[in-house]
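Residues per chain are reported as follows:
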Amino acid sequence: RTPEARALSRPPLERYFYRLRYERVRRLLGLHAQNARKALDMGCGFGLHTGHLQRELHVPTVGIDLDRNKLLLAASRHRSDRGDFPAFAAADVTRPPFRPGCFDCILMTEVLEHLVKPREGLAAANTLLAPGGTLILTTPSRHDLAYTLNPFRVLEKLLSLVWDEVLPPYHHLHERREYDRKNPARQYGIHFHFSRQELAGMLSENGFDTVYLGSFEVEIPLLPWAARLAGRTPERMARCLDPVVSRLEQIPILNLLGQHLVCIALKDREIR
């Protein structure tokens, strides 16, 4: 149960996308969080983004998560570094133990989909943000192509960008076996996927003004074959796939069909 063990349990292409996801979030933090007086990493996990905010951007940061083992590992790693280190607390993101309006920036990456009541997580983020504060959010998308070659599925995904009722709701209780596939410790959780329309509506309902709503990790059938040709090492895969992925994310319409939604939203009103 370390970031390294978690990464090694995943297929090479998935590890490649995880690296890109971390890089993308850090670019967003550099654009939207560097002037914050205080930041909150909701569902911080191992605290990788939490530490980046504190050490690289010099923003006082708190990370919260329900997994105490991850928090203990995150705290021990950051305290071994020189200089300031972030604070961590075991807390529910829907009931965070902070006073209203005390953060200028909240990061919520791959968290919303695990909440039984996602709207409560967004309402809590709104309460904690100061007026005009920034929410940076990523979450799985229902528009994801998922490497399909089926033309009817592709048409369905394209139509869903305008009319998301063509897609069935996506949620399930799942058993995660990602840490030790040979002798897994069963761990159950919920996992939602959201449409662009659904996410935008939830943000608006909970007092946010959406500044940007896009997607990333466009999964087309070419990529698994390219990954096999590139080899299993991260360096070779990055050299081969980075130009392909960057081009895919520049193609209109296709760049809306990524595996994950990414959103920048500003708090524009209080929730009553």
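Given the structure is predicted, the values throughout are model-derived calculations rather than measurements.

**Student:** Account for the overall build of the protein, with residues named and values stated.
**Tutor:** Assigned secondary structure in the protein consists of nine helices and nine strands. The buried share of the protein, reckoned over its 272 residues, is 49%. Contacts spanning at least 24 positions in sequence make up 74% of the contacts within the protein whose residues lie at least 6 apart.

**Student:** Provide a residue-level description of the packing of aromatic side chains, including the pertinent values.
**Tutor:** Geometry of an aromatic ring pair is reported as the spacing of the ring centres plus the angle between the planes. Counted under the stated rule, the structure contains three aromatic pairs. Consider the rings of Phe192 and Phe194, whose centres lie 6.0 Å apart with planes at 25°: the pair is stacked. In terms of burial, Phe192 and Phe194 fall into one category: buried. The side chain of Arg21 reaches across the aromatic face of Tyr18, ending 4.4 Å from its centre.

**Student:** Any chance you could break down the side chain of Glu110 for me, citing the residues and the numbers?
**Tutor:** Secondary-structure assignment places Glu110 in the loop between strand 4 (103-109) and helix 5 (118-128). Its relative accessible area of 16% is what places Glu110 among the buried residues. A distance of 2.6 Å separates polar atoms of two side chains, one belonging to Glu110 and the other to Thr138. In this structure the side chain of Glu110 is engaged in a polar contact, spanning 3.0 Å, whose partner is the side chain of His260. Beyond its immediate chain neighbours, meaning those up to four positions away, Glu110 contacts Arg21, Thr138, Thr139, Pro140 and His260.

**Student:** Tell me what's going on with the pairing of strand 4, and back it up with residues and numbers.
**Tutor:** In terms of burial, strand 4 is largely enclosed, as seven of its seven residues are buried. Where strand 1 (residues 39-42) meets strand 4, three bridges bridge the pair, whose relative direction is parallel. Along strand 4, the bridge assignment pairs Asp41 with Leu107. Sheet analysis places strand 4 next to strand 5 (residues 129-140), joined by six bridges and oriented parallel. Residue pairing for strand 5: Phe103 is matched across the bridge by Leu129. Between strand 4 and its parallel partner strand 5, the chain crosses via helix 5, and the hand of that crossover is right-handed.

**Student:** Let's hear about the nonpolar core: which residues, and what values?
**Tutor:** Core analysis: the biggest nonpolar cluster contains 30 residues, and Ile106, Leu112, Leu135 and Leu199 have the highest contact counts within it. Aside from chain neighbours lying at most four places away, what touches Ile106 is Leu40, Met42, Ala125, Leu128, Leu129, Thr134, Leu135 and Ile136. Counting residues in hydrophobic clusters, the runner-up holds 18 residues, among them Leu13, Ile220, Ala226 and Leu248.

**Student:** Give me the lowdown on the environment of Leu122, citing residues and values where you can.
**Tutor:** Position of Leu122 relative to the elements: it lies in helix 5. C-alpha separation for the pair Leu122 and Met108, spaced 14 residues apart in sequence, amounts to 9.4 Å. Apart from residues lying up to four places away in sequence, Leu122 is in contact with Leu112, Leu135, Leu137, Met202, Leu203, Asn206 and Phe208.

So, how was this worked out
- Residues numbered from 1 in each chain as written.
- Predicted model: local features only at pLDDT ≥ 70, side-chain atom pairs only at ≥ 80, totals over all residues.
- Heavy atoms only, no water.
- Helix = DSSP H or I, 4+ residues; strand = E, 2+ residues; numbered from the N terminus.
- Buried < 20%, exposed > 50% of the residue type's maximum accessible area, 1.4 Å probe, protein only.
- Contact = heavy atoms within 4.5 Å.
- Phe/Tyr/Trp six-rings, centres within 6.5 Å; stacked < 30°, edge-to-face > 60°.
- Lys NZ or Arg CZ within 6 Å of the ring centre and 35° of its normal.
- Polar contact = N/O pair within 3.5 Å; in protein donor to acceptor, adjacent residues only side chain to side chain.
- Pairing = 2+ DSSP bridges.
- Right-handed = clockwise from strand over helix to strand, strands pointing away.
- Core = buried A, V, L, I, M, F, W, Y, C linked by side-chain atoms within 4.5 Å.

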